[in-house]
Amino acid sequence: MDRITIGNLEVFAKHGVFPEENVLGQKFVISAVLHTRTRKAGLTDNLNFSVNYGEVSHFIQTFVTGHTWKLLESVAERLAQALLLAFPLVEQVDLEIQKPWAPIGLPLDTVSVEISRRWHRAYIALGSNLGDKNGYLDLAVKRLDEREDCQVKAVSDYLVTAPYGGVEQDNFLNGALELRTTLEPEELLEVLHGIEQEANRVREIRWGPRTLDLDILLYDDLVLDTPELHIPHIEMHLRDFVLIPMAQIAPWKRHPLLGKTMEELREALSKAE
């Protein structure tokens, strides 16, 4: 990925823990590294295929002076998110926000916060076997796509599948979607749980009936194991109702642990069955 760097942009703004900082204001020095692809712009000499660093600089100035936060961490977090949303060609932004002469009662040149934020690619499994199954899956797609920090890029066909796990119940309607998001995995999981709750999801029986079931299958090439979250989803390679939709929307996507594509996993499971 190529980079465009804006170095040491000086902005007078009103951020700080102390009330007088929010009233009198002070100088902040902001540097941004924009990760994008510049090759097409370079070959065509056309700015439309790149990121206009002048526009970005003015955007930073307007955004930082138009808000007030106590923490540098908040300024950095909100600015990074705003840049990713405002400039579609930017895949990642690295920010450093310096606060010269911070009022700590000691000789100090500057203090700064540095963060890196980017768009991620996640794949979500959809399932329902109670009530308006199609409506619940459509609700999940809509709720994700209407968020600023999420973009639904592809949705599979919905397929009818037999229940999994040995609990006697109605057939499921299953699918999968591809999501571009700035949310971290745990944040995304919380959003999915919120959508499930909106659909009146009740967690009583493992693998039991549910109005809506949303699972994170993959998140970039991340491997994560916590008490609350496992990525990649532990049993995705054993479930045809996951692999069939995934092979439809991302047949080339490789499982980060098994090293096989979704299409290869689907074919292997089909032969095994």
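Residues numbered from 1 in each chain as written. Predicted model: local features only at pLDDT ≥ 70, side-chain atom pairs only at ≥ 80, totals over all residues. Heavy atoms only, no water.

Peer 1: Give a description of the packing of aromatic side chains that names residues and reports values.
Peer 2: A full pass over the atoms with the stated rule returns 3 aromatic pairs. Between phenylalanine 59 and phenylalanine 63, the ring centres sit 6.1 Å apart and the planes meet at 10°, which makes this aromatic pair stacked. Of this pair, phenylalanine 59 and phenylalanine 63 are both found in helix 3 (residues 53-65), 4 residues apart, which corresponds to roughly one turn of the helix. A residue is classified by how much of its surface remains accessible, and phenylalanine 63, at 16% relative accessible area, is buried. Ring centres of phenylalanine 59 and phenylalanine 87 lie 5.5 Å apart, and the angle between their planes is 85°; this geometry places the pair in the edge-to-face category. Taken together, the positions of phenylalanine 59 in helix 3 and phenylalanine 87 in the loop between helix 4 (72-86) and strand 3 (92-100) put the pair 28 residues apart, joining distant regions of the chain. (Phe/Tyr/Trp six-rings, centres within 6.5 Å; stacked < 30°, edge-to-face > 60°. Helix = DSSP H or I, 4+ residues; strand = E, 2+ residues; numbered from the N terminus. Buried < 20%, exposed > 50% of the residue type's maximum accessible area, 1.4 Å probe, protein only.)

Peer 1: Please provide a residue-by-residue account of the pattern of salt bridges, values included.
Peer 2: A complete count under the given rule lists 15 salt bridges for this structure. Glutamate 10 is the partner of lysine 27 in a salt bridge, and the nearest nitrogen-oxygen pair spans 3.8 Å. With a gap of 17 residues between them, lysine 27 in strand 2 (residues 26-36) and glutamate 10 in strand 1 (residues 2-13) connect regions that are remote in the sequence. The exposure class of lysine 27 is partly exposed, given its relative accessible area of 27%. When salt bridges with common partners are traced through the structure, they connect Arg143, Glu146 and Glu198 into a single cluster. (Salt bridge = Lys/Arg side-chain N within 4 Å of Asp/Glu carboxyl O.)

Peer 1: Account for the packing of helix 7 (residues 240-249) against helix 8 (residues 262-272), with residues named and values stated.
Peer 2: As a packed pair, helix 7 and helix 8 sit with axes 8 Å apart at the nearest point and diverge in direction by 140°. In terms of orientation, helix 7 lies oblique with respect to helix 8. Crossing angle aside, the handedness with which helix 7 passes helix 8 is left-handed. On helix 8, the residues that touch Asp240, Leu243, Ile244, Met246 and Ala247 of helix 7 are Met262, Glu263, Leu265, Arg266 and Leu269. (Axes fitted to C-alpha atoms, helices over the stretch in contact; angles between N-to-C directions. Parallel < 35°, antiparallel > 145°, perpendicular 65-115°, else oblique. Left-handed = near helix turned anticlockwise from the far one by under 90°. Contact = heavy atoms within 4.5 Å.)

Peer 1: Describe in detail the sheet that holds strand 1, supporting the description with residues and values.
Peer 2: Strand-to-strand pairing in sheets goes through backbone hydrogen bonds, with the strands running parallel or antiparallel. Taken in spatial order, the 4 strands line up as 1-2-3-4 in an open sheet, and their pairing is antiparallel. Only two strands of the sheet have a single neighbouring strand rather than two, namely strand 1 and strand 4 (110-118). Averaged over all adjacent pairs, the angle separating strand axes in this sheet is 15°, with direction ignored. Helix-sheet contacts for helix 3 involve strand 1 and strand 2, and the interaxial angle to strand 1 is about 35°. Along the sheet, helix 4 contacts strand 2, strand 3 and strand 4; its crossing angle with strand 3, the most-contacted strand, is approximately 150°. (Pairing = 2+ DSSP bridges.)

Peer 1: Tell me about the side chain of histidine 233, and name the residues and values.
Peer 2: In this fold, histidine 233 is placed in the loop between strand 11 (230-231) and helix 7. Contacts of histidine 233, omitting those with residues within four sequence positions, involve Asp215, Ile216, Leu217 and Arg239.

Peer 1: Break down the pairing of strand 5 (residues 120-128) for me, with residues and values.
Peer 2: The buried fraction of strand 5 is high, at 8 of 9 residues. In the sheet, strand 5 pairs with strand 8 (residues 172-181) via 9 bridges, with the strands oriented antiparallel. Within strand 8, the position partnered with isoleucine 124 by the bridge is leucine 177. Sheet topology places strand 5 next to strand 9 (residues 213-219); 6 bridges connect them, and they run antiparallel. Directly across from isoleucine 124, in strand 9, lies its bridge partner isoleucine 216.

Peer 1: Lay out the environment of glutamate 186 with the relevant residues and their values.
Peer 2: With respect to the helices, strands and loops of the structure, glutamate 186 is situated in helix 6 (residues 185-198). Residues glutamate 186 and glycine 16 lie 170 residues apart in sequence; the distance between their C-alpha atoms is 29 Å. Not counting residues up to four positions away in its chain, the partners in contact with glutamate 186 are Leu224 and Leu229.

Peer 1: With reference to specific residues and values, describe a negative patch on the surface.
Peer 2: A cluster of acidic residues, Glu184, Glu186, Glu187, Glu190 and Glu228, forms a negative patch at the surface. In this fold, glutamate 184 is placed in the loop between strand 8 and helix 6. (Patch = residues over 30% accessible without salt bridge, like charges linked within 9 Å, V, L, I, M, F, W, Y side chains within 5 Å. Areas by Shrake-Rupley, 256 points an atom, 1.4 Å probe, with all protein chains shown as cover. Lys, Arg positive; Asp, Glu negative; His and termini not counted. Charge placed at Lys NZ, Arg CZ, Asp CG, Glu CD.)

Peer 1: Lay out a nonpolar patch on the surface with the relevant residues and their values.
Peer 2: Where nonpolar side chains cluster on the molecular surface, the patch consists of Val17, Phe18 and Leu71 and spans about 260 Å² of accessible area. For valine 17, the location among the structural elements is in the loop between strand 1 and helix 1 (19-24).

Peer 1: Can you lay out helix 6 for me, pointing to particular residues and giving the numbers?
Peer 2: The α-helix winds at 3.6 residues per turn, so residues separated by three or four positions along the chain end up facing the same way. In a regular helix each residue adds 1.5 Å, so 14 residues correspond to 20 Å; helix 6 covers 20 Å between its end C-alpha atoms and thus fits that length. Looking at helix 6, one finds that the buried residues are Pro185, Leu188, Leu189, Val191, Leu192, Ile195 and Glu196. Looking straight down helix 6, one finds its buried side chains confined to an arc of 160°; they lie on one side. The exposed set on the far side of helix 6, more than 90 degrees from its buried face, consists of Glu190 and Gln197. Next to the buried residues of helix 6 lie strand 5, helix 5 (133-145), strand 8, strand 9, strand 10 (224-225) and strand 11. (Expected span 1.5 Å × (residues − 1). Arc of directions from axis to C-beta.)

Remember, this is a structural readout, not a statement about activity or role.
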